[in-house]
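What follows is the residue order along each chain.
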Amino acid sequence: MSNERDIIKSLLIKEELELLQTLREKVLSKDQFTQEVSQVLSGAVKRAQTNDGSFERALSQPIQKGVSRAFSDNKQSIIDGLMPIMGQLIRKTVSNSIKQFVSDINRTLELGFSSKALKWRWQAYKADITFAEMVFQKTIRYQVTEIFLINSDNGLLIEHVGTDDMLKDNDAISAMLSVIKEFIGDSLSSPDDDLQSAEMGGNLLFFAHGPKAFMTLVVKGSPKERFKSDSQKLIEDVHAEFSDVLVDENNYRENDELQRHLRSHLVVKEISDSTKKTNWLPWIAGLILIIGGMSYWAYSKQQKLKNITQIVNSIDGVVVQSITKQDGKFLIKGMVDPIADLSVLKKDEVTLETHPYISLDENIIKKRINATISDFDNVSALLEGNRVIVSGFVSQSESQKITNRLLRVAGVEIIINELTTDNSESIKALVNQTMPNKHDAVLKISHNEVSISGSINHDNYQRLISQLKKPFPDITVKSDGLEVLETTQGLIDLINKTTINIPSYKRGNEKEIEQLENVIKSLQLLVKRDIIMHLVLTGESDCQGYESDKHSQVRANTLKDKMIEAGIDANLILTEIKSCQSDLNNRQESLLNVSFMISN
Amino acid sequence: MKKAKKVCLIGRFAVGKTSLVKQFISQQFGEKYKTTVGVSISTKKIQIDDIELSMVIWDIAGFEQDGHYTHYLRGVHGIIWVLDGTEPESFEILDIVSKSMPETKDVPSIYFINKCDLLDEWVVEESAVNDLKKEDHIVLKCSAKTGENVEIGFNKLAQLMVN
């Protein structure tokens, strides 16, 4: 019976039975049931929410327990998940406090009116930040020179930005930083602690840790306390914004945006904090000294150049093209006449790079002329413009030679030859021929001049002059200091011809004195020549008036006395008178005289 | 294309880990033994097809101390197991590390049996070598002293890491 019932059942309600079976399997199979429920769960939860909050109340306990359980079982993942948010939460709270604090500072700083403060105010206004923030920025005492972003697990370098080109092997550095972090953490502290910083020399290594990566910042200087929090903020930002990059090793060091983000946190500026007033005085003094020193140096350099330029320009025969300073000396380029006098230029101050040239400076031409005639002692030349007047004593052949030489001198166009032929040798020969025995005469012959001194026989003298004048009509004869001596007969004739008219026999006039002196001289010469003779003085009168023969004698005696006074031997002198002629009726002064006569 | 991979050398003390690295990096060998303290990092760039691969080599010291090395093996891309052909005990490290860090089995690896130049002192039997090879491992007898198979081994590992 039961079989038949089953058969009928299966015929009548086969589909329903199959559906029931399916449903049973779904309910009884946990996996399938879970699958079914999960599909409607979110909808059911939505529906289950009531206005009275009973559903939430019902859920609160399980959720609370579940969260506590999750914390205790899997603390790290909860922390990792919360970390990007928590930091921001905390900062927001702290930021508000700091804002208040900054506001207070701002008020204080507002009172400052230094030039720096004014400048910073302007910069703060342009940057749309508070003055206090600008002060903070400007008083940074540190630099962040390198930032390494490193995978926390394998120590591979994710990204690096920096200013130091010496760091070549960034892979090794990032691995070592990872090792250091692990090693110190492993050796010294609990596993939950992270290495925060390390210091070596002038460099600080700051570590900021995140769940997937950590950052090492290389800092020079003394960062402020908030630097740590800034670094932590940075790693959190990186995790929040570049989480995909941190886990994709294929994109390590190829993300420009990440690089830019990190680079913006490099701090390369270092400005010292100056809360004290800057003492400008030494700086100003130093600046003045420097400017003064430089000015003086430039001035003295200029002066030296000016001096050397003046000196060089003043040298005849030098044409300057340029003067420059080279190797501590003045390099002068230009042209120099070979006979220019460069002795004023000191070799340790000046170097010359010159070409020779022929100068037409007047002084140079003069030098050239003098050099040309230097062989001739008695020749001189005078330059007047382009004319040369040459004078002096030369032989005939030399005269032409000189003229030709001078015409070849550059700058000389006209020669005025005033050279005189020097006849001194010829004259000497003639004098020797004419007067082989010069006796007391001294002759000096130069060029065309003969100077005779001493004493010379009158006839010889006349003959000499005559002989010299014939071949040398232009000859000059100087006879200062020469005594030309008369012949014996000439002396006798001179004496015999002398009649001295003595109207007043007591006083002699000039003419009478001269005449007498001549007679005395001549007589002395005769005496000197050992001529034996007597001098007869004959007195004469016209016997008119008081005149008589007696006066004739007196005249003669007067002259005799004068002659004896002059040194003539009295024995040589005889006196006589010429008797008066009685037929004279008029006074004849011409008869009032004394005549002289030499007798043996 | 540029890539960087972390390679760790695992092996007992004095098996020649540092010497192998030195041979690979600078083709030098020092007779004196200086124990490595902590970790020694070396890098070398090699070209594999169009990839410039920077191998960051972690020469980790003192695998006798239990567990301390686990930090250093985190995120490793390639492992060089260094065994000493004159010291059979050096093979024990394989089990020790595998047990403490089972994930190392999935990391591309090669096995250096070092000191093949010391023929008189070589004690490792061929069967032990074959056992390793059976597990599809790349096993190379090498010498840090002569350089035999050193560069070949590192290059093979690099190939495995890139592929």
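Residues numbered from 1 in each chain as written. Chains lettered and ligands numbered in written order. Predicted model: local features only at pLDDT ≥ 70, side-chain atom pairs only at ≥ 80, totals over all residues. Heavy atoms only, no water.

**Looking at the overall build of chain B**
Definition in use: Secondary structure follows DSSP: runs of H or I at least 4 residues long count as helices, runs of E at least 2 residues long count as strands, and numbering of each begins at the N terminus. Relative accessible area decides the class of each residue, using a 1.4 Å probe on protein chains only: under 20% of the type maximum gives buried, over 50% gives exposed, and in between gives partly exposed. Using a 1.4 Å probe, the Shrake-Rupley method yields the accessible areas, and only the shown protein chains count as cover for residues.
Helices and strands together make up the secondary structure of chain B, namely five helices and six strands. For chain B, with 163 residues in total, the buried portion stands at 51%. For chain B, the accessible surface area stands at approximately 7,900 Å², while carbon and sulfur atoms represent 48% of it.

**A few points about the environment of K366 of chain A**
All names here are of chain A. Its place among the elements puts K366 in helix 13 (residues 362-372). Residue class for K366 comes out partly exposed when judged on its relative accessible area of 33%. C-alpha of K366 to C-alpha of E384: the two residues are 18 residues apart in sequence and 9.9 Å apart in space.

**Here we look at the sheet that holds strand 1 (residues 2-11) of chain B**
Residue and element names in this part refer to chain B. Condition: Note on pairing: two strands pair once DSSP finds at least 2 bridges between them. To obtain an axis, a line is fitted to C-alpha atoms, over the contacting stretch when the element is a helix, and the angle between two such axes runs from 0 to 180 degrees between their N-to-C directions. Whether two residues touch is decided by their heavy atoms; if any such pair falls within 4.5 Å, the residues are in contact.
Spatial ordering of the open sheet is given by 2-3-1-4-5-6, a layout of six strands whose pairing is mixed. The strands lining the two open edges of the sheet, one partner per strand, are strand 2 (39-48) and strand 6 (138-141). With strand direction ignored, the average angle separating the axes of adjacent strands in the sheet is 25°. Bridge analysis of strand 4 (residues 78-84) against strand 5 (residues 109-114) gives six bridges, and the strand direction is parallel. Paired with I79 across the two strands is S109, which belongs to strand 5. With respect to the sheet, helix 5 (residues 150-162) is in contact with strand 1, strand 2, strand 3 (51-60), strand 4, strand 5 and strand 6, its orientation differing from that of strand 5 by roughly 170°.

**Thoughts on the nonpolar core**
Quick note on the threshold: Nine residue types can take part in a nonpolar core, namely buried Ala, Val, Leu, Ile, Met, Phe, Trp, Tyr and Cys, and a core is a set of them joined through side-chain atoms within 4.5 Å.
Formed by 56 residues in total, the largest nonpolar core has its most connected members in V144, L149, M215 and L262 of chain A together with W58 of chain B. When near neighbours in sequence (up to four residues on either side) are disregarded, M215 of chain A contacts I147, F148, L149, F206, F207, A208, S231, L234, I235 and L262 of chain A. Core analysis: the second largest hydrophobic core is formed by 25 residues, V15, F24, I48 and M161 of chain B among them.

**Here we look at the pattern of salt bridges**
The following threshold applies: Think of a salt bridge as a Lys or Arg side-chain nitrogen and an Asp or Glu carboxyl oxygen that are within 4 Å of each other.
Counting across every chain of the model gives 16 salt bridges over all chains. A salt bridge links K181 of chain A to E182 of chain A; its shortest N-O distance comes to 3.8 Å. Overall, the relative accessible area of 11% leaves E182 of chain A in the buried class. Here E449 of chain A and K478 of chain A are joined by a salt bridge, their closest N and O atoms 3.4 Å apart. Taken together, the residues span a long stretch of sequence, with E449 of chain A in strand 13 (residues 449-457) and K478 of chain A in strand 14 (residues 476-478) at a distance of 29 residues. If you follow the salt bridges from partner to partner, you end up with D153, K181 and E182 of chain A together with R74 of chain B in one network.

**Details of the side chain of S455 of chain A**
All names here are of chain A. Mapped onto the fold, S455 is located in strand 13. Residue classification places S455 among the buried positions, given a relative accessible area of 13%. Aside from chain neighbours lying at most four places away, what touches S455 is D440, A441, L482, E483 and L485.

**Some details on the interface of chain B and chain A**
Stated precisely, the cut-off is as follows: For any pair of parts, buried area is found by adding up, for both, the accessible area (1.4 Å probe) each one loses once the two are put together. Gly falls in the polar group here, along with every residue not listed as nonpolar (Ala, Val, Leu, Ile, Met, Phe, Trp, Tyr, Cys, Pro) or charged (Asp, Glu, Lys, Arg).
With 19 residues of chain B at the interface, the matching set in chain A holds 19 residues. Roughly 1,600 Å² of surface becomes buried between chain B and chain A when both sides are summed, with 55% attributable to carbon and sulfur atoms. Of all residues in chain B, the largest losses of buried area upon contact with chain A belong to I41, Y72 and R74 of chain B, amounting jointly to 28% of the total for that side. Our count for the chain B to chain A interface comes out at two salt bridges. Between R74 of chain B and D153 of chain A there is a salt bridge, with the nearest N and O atoms lying 3.3 Å from each other. Mapped by element, the contributors of at least two residues to the side of chain B that touches chain A are strand 1, strand 2, strand 3 and helix 2 (70-73) of chain B. Tallying contributions element by element places strand 1 of chain B first for the side of chain B that touches chain A, with five residues. For the side of chain B that touches chain A, a count of residues per class yields six nonpolar, seven polar and six charged.

**What about the confidence of the model for chain A?**
A low pLDDT score tells you not to read the predicted coordinates there in detail. To keep things clear, this is the line we draw: Known as pLDDT, the predictor's per-residue confidence is scaled from 0 to 100.
On average, residues of chain A score 83 in pLDDT, and 90% of them are at 70 or above. Counting interchain partners and residues more than four positions distant, the pLDDT-below-50 stretch residues 270-276 of chain A has 11 contacts.

**Some details on a negative patch on the surface**
All names here are of chain B. What counts, and what does not: Any residue with relative accessible area above 30% and no salt bridge may belong to a patch, with like charges joined within 9 Å and the nonpolar Val, Leu, Ile, Met, Phe, Trp and Tyr side chains within 5 Å. Under this rule, positive means Lys or Arg and negative means Asp or Glu; His and the chain ends count for nothing. Charged side chains are reduced to one point each, which is NZ for Lys, CZ for Arg, CG for Asp and CD for Glu.
There is a patch of like negative charges on the surface, built from E87, E89, E92 and D95. Following the sequence through the fold, E87 ends up in the loop between strand 4 and helix 3 (92-100). In this structure E87 comes out as partly exposed when scored by relative accessible area, which is 33%.

**Describing the pairing of strand 1 (residues 142-151) of chain A**
Residue and element names in this part refer to chain A. Counting buried positions over the 10 residues of strand 1 gives 10, a clear majority of the element. Strand direction decides the pairing type here: strand 1 and strand 5 (residues 213-221), joined by nine bridges, are antiparallel. Bridged to I147 within strand 5 is L217. Bridge analysis of strand 1 against strand 2 (residues 157-162) gives five bridges, and the strand direction is antiparallel. Across the sheet, F148 pairs through a bridge with H160, a residue of strand 2. Where strand 1 folds back on strand 2, the antiparallel hairpin that results is connected by five residues, among which G155 adopts a positive phi of roughly 75°.

**Considerations on the confidence of the model for chain B**
The share of residues in chain B with pLDDT of 70 or more is 92%, and the mean pLDDT across the chain is 85. Both confidence scores are given for the complex: pTM 0.43, ipTM 0.85.

**Examining a nonpolar patch on the surface**
Residue and element names in this part refer to chain A. A cluster of nonpolar side chains, L59, I63, V67, F71, L82, I85, M86, L89, I90, V94 and I98, forms an exposed patch at the surface whose accessible area comes to about 930 Å². When residues of the nonpolar patch are traced back to their parent elements, those giving at least two are helix 4 (54-73) and helix 5 (75-110). Here the nonpolar patch takes seven residues from helix 5, the largest share from any one element. Among the secondary structure elements, L59 is positioned in helix 4.

**Focus on the packing of aromatic side chains**
Residue and element names in this part refer to chain B. Keep this limit in mind: Two rings from Phe, Tyr or Trp (for Trp, the six-membered ring) form a pair when their centres are within 6.5 Å of each other. A pair whose planes differ by under 30 degrees is stacked, one over 60 is edge-to-face, and the rest are tilted. For a Lys NZ or an Arg CZ to count as sitting over a ring, it must be within 6 Å of the ring centre and within 35 degrees of the ring normal.
Counted by the stated rule, this structure contains seven aromatic pairs over all chains. Relative to Y72, the ring of W58 lies with its centre 6.4 Å away and its plane at 50°, an arrangement referred to as tilted. With W58 in strand 3 and Y72 in helix 2, the pair connects residues that are 14 residues apart, well separated along the chain. Aromatic ring contacts, followed pair by pair, group F24, F112 and F154 into a single cluster. Positioned over the ring face of W58 is K6, at 3.8 Å from the centre of the ring. Cation over ring: K44 sits above F24, and NZ or CZ is 4.4 Å from the ring centre.

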